[in-house]
Amino acid sequence: QAQLVESGGGLVQPGGSLRLSCAASGFMIAIYTMGWYRQAPGKQRELVATITSGGSTNYADSLKGRFTISRDNAKNTVYLQMNSLSPDDTAVYYCTARLFVGSPQYWGQGTQVTVSS
């Protein structure tokens, strides 16, 4: 019933920008902490950013100032704005939802982001 569907990925040149979307269905995201993770080829999954129900954000240190997470509860959608992209940002990006730290997370299927010239 509960689903998260990512979109907006694709091929972009170094220095370019993309905005990923995560559309939730089967539940309302308003009370959830939402997040983005990514997994690059040959690398472990890493946290990209989170945004709480109150709008507080956290980012991986290396991504601060370049990535922005936001939410539109009325649209039941979370976004990840990615700027100044580099090949190191190439990964599958996953959307997550959870109520508390340590609580189970819902996961989307992921969207591929490829940064290459």
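The following refers to the structure shown. The model shown is predicted, which means the values in this text are computed figures rather than measured ones.

Reading guide: rules and limits
Residues numbered from 1 in each chain as written. Predicted model: local features only at pLDDT ≥ 70, side-chain atom pairs only at ≥ 80, totals over all residues. Heavy atoms only, no water. Phe/Tyr/Trp six-rings, centres within 6.5 Å; stacked < 30°, edge-to-face > 60°. Helix = DSSP H or I, 4+ residues; strand = E, 2+ residues; numbered from the N terminus. Buried < 20%, exposed > 50% of the residue type's maximum accessible area, 1.4 Å probe, protein only. Core = buried A, V, L, I, M, F, W, Y, C linked by side-chain atoms within 4.5 Å.

On inspection of all chains with the given rule, the structure shows five aromatic pairs. Taken together, a centroid distance of 6.2 Å and an interplanar angle of 45 degrees make the contact between Tyr32 and Tyr106 tilted. In this pair, Tyr32 sits in the loop between β3 (18–25) and β4 (33–39) while Tyr106 sits in strand β10 (residues 106–107), placing the two residues 74 residues apart along the sequence. Accessibility expressed as a relative area gives 11% for Tyr32, which makes it buried. Relative accessible area serves as the criterion here: at 37%, Tyr106 is assigned to the partly exposed category.

The next thing to look at is unusual backbone geometry. Of note in the backbone geometry, Asn76 takes a positive phi value of approximately 55 degrees without being a glycine. Here Asn76 shows up in the loop between β7 (67–72) and β8 (77–82). Of note in this structure, Ser84 is not a glycine but carries a positive phi near 50 degrees. Inspection of the secondary structure assignment puts Ser84 in the loop between β8 and β9 (91–98). According to the relative accessible area criterion, Ser84 is partly exposed, its value standing at 45%.

This part covers the nonpolar core. If you look at the biggest cluster of nonpolar residues, it comprises 29 residues, and the most contacted ones within it are Met34, Trp36, Leu80, Met82 and Tyr93. Among the elements of the structure, β3, β4, β5 (46–51), β7, β8, β9 and β11 (111–115) are those that each provide at least two residues to this core.

Geometric descriptors of this kind do not, in isolation, establish any biological role.
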